Amino acid sequence: MKTAVIYWSGTGNTEAMARAVAEGMTAAGAEAALLTPDRVQPGDLNAYDAIAFGCPAMGSEVLEEMEFQPMFDACKRSLGGKRAALFGSYGWGDGEWMRSWEKDCADAGLNLVCESVICTETPDDAALDACRALGKALAE
Ligand SMILES: Cc1cc2nc3c(=O)[nH]c(=O)nc-3n(C[C@H](O)[C@H](O)[C@H](O)COP(=O)(O)O)c2cc1C
């Protein structure tokens with residue numbers, strides 16, 4: 001199985017989560033590509049069976065707007081029934097950005113296969129374990 005983790009991270013917290021997601025995918029026997037939005041064209045995603053998307057809460061409870069959101073908007077309608085999952089780090093909010101993101105995915109018909117993983121700031125061991133489990137769930 002070919003899987004990808006596509007993430008944006010300003011200060012490394014979501015990147016640490018992304019690496020743990022990819023570990024979970026490879027532990028489940030899948031090939032895992034770790035990609036940032038600048039390296040993704042919508043057509044490229046056809047090559048993957050399952051994709052994890054990671055982005056922290058930015059702006060005011062939104063996705064990062066310069067790179068991640070445009071990439072996601074360009075990709076989301078061509079994902080069809082592909083297996084997908086979401087993760088990301090946040091700071092002072094209550095996770096509103098992730099609820100909005102999940103709703104956007106539902107509206108676009110994305111097939112989210114497991115609960116999203118969110119954590120405050122730097123992921124602790126429990127959050128990293130949850131990210132590995134997310135990667136595993138996507139790759140199974
Ligand atoms: C410009 C900016 C906007 C942010 N907006 C929010 C927000 O709306 N809600 C929230 O909970 N955290 C917000 N944060 C906090 C980040 O989501 C948090 O620090 C996160 O861990 C950053 O992840 P990263 O290290 O992957 O970039 C914001 C941080 C920055 C720098």
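Preceding block: the structure.
Residues numbered from 1 in each chain as written. Predicted model: local features only at pLDDT ≥ 70, side-chain atom pairs only at ≥ 80, totals over all residues. Heavy atoms only, no water.

(A) Inspection of the side chain of serine 116 at higher detail. Take serine 116: it is sitting in the loop between strand E5 (111-112) and strand E6 (117-120). Given the relative accessible area of 17%, serine 116 is considered buried. Of the polar contacts made by the side chain of serine 116, one reaches the side chain of glutamate 102; its length is 2.5 Å. The contacts of serine 116, once residues within four sequence positions are left out, are Leu86, Met98 and Glu102. (Helix = DSSP H or I, 4+ residues; strand = E, 2+ residues; numbered from the N terminus. Buried < 20%, exposed > 50% of the residue type's maximum accessible area, 1.4 Å probe, protein only. Polar contact = N/O pair within 3.5 Å; in protein donor to acceptor, adjacent residues only side chain to side chain. Contact = heavy atoms within 4.5 Å.)

(B) Broad picture of the site of the ligand. Close to the ligand lie 18 residues, the nearest being Ser9, Gly10, Thr11, Ala57 and Ser89. Glycine 93 is positioned with one of its backbone polar atoms (N or O) 2.8 Å from an oxygen atom of the ligand. Taken by itself the ligand offers 640 Å² of open surface, and the protein chains cover 81% of this. Listing elements by their share of the shell around the ligand, those giving two or more residues are helix H1 (13-27) and strand E4 (83-90). Across the shell around the ligand, the residue classes tally to five nonpolar, 11 polar and two charged. (Near = heavy atom within 4 Å. Areas by Shrake-Rupley, 256 points an atom, 1.4 Å probe, with all protein chains shown as cover. Nonpolar A, V, L, I, M, F, W, Y, C, P; charged D, E, K, R; others polar.)

(C) Quick look at the pattern of salt bridges. Enumeration according to the criterion identifies seven salt bridges in this entry. A salt bridge links arginine 132 to glutamate 23, with the nearest nitrogen and oxygen atoms 2.7 Å apart. With arginine 132 in helix H4 (residues 125-139) and glutamate 23 in helix H1, this residue pair connects regions lying 109 residues apart in the sequence. When its relative accessible area of 40% is taken as the criterion, glutamate 23 is described as partly exposed. A salt bridge links aspartate 107 to lysine 103; its shortest N-O distance comes to 2.9 Å. With aspartate 107 and lysine 103 both in helix H3 (residues 96-107) and four residues apart, the pair spans about one turn of that helix. Residues aspartate 107 and lysine 103 agree in their burial class; the two are exposed. (Salt bridge = Lys/Arg side-chain N within 4 Å of Asp/Glu carboxyl O.)

Without other data, these values stay purely geometric and don't point to any function.
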